[in-house]
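Geometric and topological summary
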Amino acid sequence: MFRSIRRQLLKLLLYFMAATALLVLLLRWVPPPGTALMVERKVESWIDGQPIDLQRSWRPWSELPDDLKLAVIAAEDQKFAEHWGFDIAAIRAALSHNRQGGSVRGASTLSQQVAKNLFLWSGRSWLRKGVEVWFTALIELLWPKQRILEVYLNSAEWGEGVFGAEAAARHHFGTAAPYLSRQRASLLAAVLPNPRNWSASRPNSHVGRRAAWIRQQMWQLGGSHYLNRLRGARPQWWPDWL
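Under an unreviewed UniProt entry, the name given to the protein chain is Biosynthetic peptidoglycan transglycosylase, and the organism recorded is Pseudomonas benzenivorans. Regarding the protein chain, the relevant UniProt record gives this comment under Subcellular location (unreviewed entry): "Cell inner membrane". Per UniProt, the comment on the protein chain under Function (unreviewed entry) is "Peptidoglycan polymerase that catalyzes glycan chain elongation from lipid-linked precursors."

Structure (structure tokens):
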């Protein structure tokens, strides 16, 4: 009986791996219609009895401003062009910090955040973390870096019910995403750690200081020239169609 159960569990695991791999591959070219986080926020609003309108409009890579792309990298994942989904040094530093108690520090890369926002639920558990590792590996394997950042910018939460750069630009600044200035881009990047409590359009002193730091980091990364590194962030043996 136990052998039969193990076989069934193995089959389910293989089906899950195959189905998720096909889904991630499809999303390499097809814009995701929504995210798991958006569904979670909607369900939360129903439970709380405070309905929200989810705002999101897709913008392709070519229409997203370089300043916003670079600001998010500077704020969230400065090794984005170098790692393959996981920043090992940052993970070790976060584990060391968290063992000392106090505030909990995360070490999620942009790739991990895309995996979590698109496919997973919130919370901290070994199960969720394990599934996140699987989806992150698939995303890094099947998507180029530009696609990862494109999906991130179109899926990130930037306020109550506000998802993606286009909705964020209109909600906070009354403009379209392609027309965001460098300063406004840095303010949007500055609130990403806590987008429902911090405001890019009404920044407090902490957000203002963080935005100034982000602009400095953007310059130190090399400005928009850094984005050129995302084009070739694949091994030489990588198939051209991926």
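Moving on, we get to the UniProt feature "transmembrane region" (unreviewed entry) in the protein chain. Within the UniProt annotation, "transmembrane region" (unreviewed entry) is assigned to residues 12-30. Between the end C-alpha atoms of residues 12-30 the distance is 26 Å, and the span holds 79% helix and 0% strand.

This part takes up helix α9 (residues 182-190). Among all positions in α9, only Ala185, Ser186, Leu187, Leu188, Ala189 and Ala190 are buried. Residues of α9 that are buried in the fold lie against α3 (66-76), β1 (157-159), α8 (165-173) and α10 (205-220).

The next thing to look at is the nonpolar core. Across soluble globular proteins, you tend to see nonpolar side chains buried next to one another. Ranked by size, the top nonpolar core spans 56 residues in total, and within it Val72, Ile73, Trp143, Leu149, Trp158 and Leu230 carry the most contacts. If you list the elements that add at least two residues to this core, you get α3, α5 (110-119), α6 (126-142), α7 (145-155), α8, α9 and α10. In terms of residue count, α3 provides more of this core than any other element does, seven residues in total. In this structure Leu149 touches Trp61, Lys69, Val72, Ile73, Phe80, Leu110 and Leu230, once residues within four positions along its chain are discounted.

Per the stated rule, a full pass over the model turns up 16 salt bridges. With a shortest N-O distance of 4.0 Å, Glu157 and Arg196 are connected by a salt bridge. Placement of Glu157 in strand β1 and of Arg196 in the loop between α9 and α10 is noted, with a sequence separation of 39 residues between them. The closest approach of N and O atoms between Arg170 and Glu166, which form a salt bridge, is 2.6 Å. Pair noted here: Arg170 and Glu166 are both in helix α8, with a separation of four residues, about one helical turn. Several salt bridges share partner residues, and in doing so they unite Arg41, Glu44, Glu157, Glu160 and Arg196 into one network.

Conventions adopted
- Residues numbered from 1 in each chain as written.
- Predicted model: local features only at pLDDT ≥ 70, side-chain atom pairs only at ≥ 80, totals over all residues.
- Heavy atoms only, no water.
- UniProt positions renumbered as here; feature names shortened; annotations may be inferred.
- Helix = DSSP H or I, 4+ residues; strand = E, 2+ residues; numbered from the N terminus.
- Buried < 20%, exposed > 50% of the residue type's maximum accessible area, 1.4 Å probe, protein only.
- Contact = heavy atoms within 4.5 Å.
- Core = buried A, V, L, I, M, F, W, Y, C linked by side-chain atoms within 4.5 Å.
- Salt bridge = Lys/Arg side-chain N within 4 Å of Asp/Glu carboxyl O.

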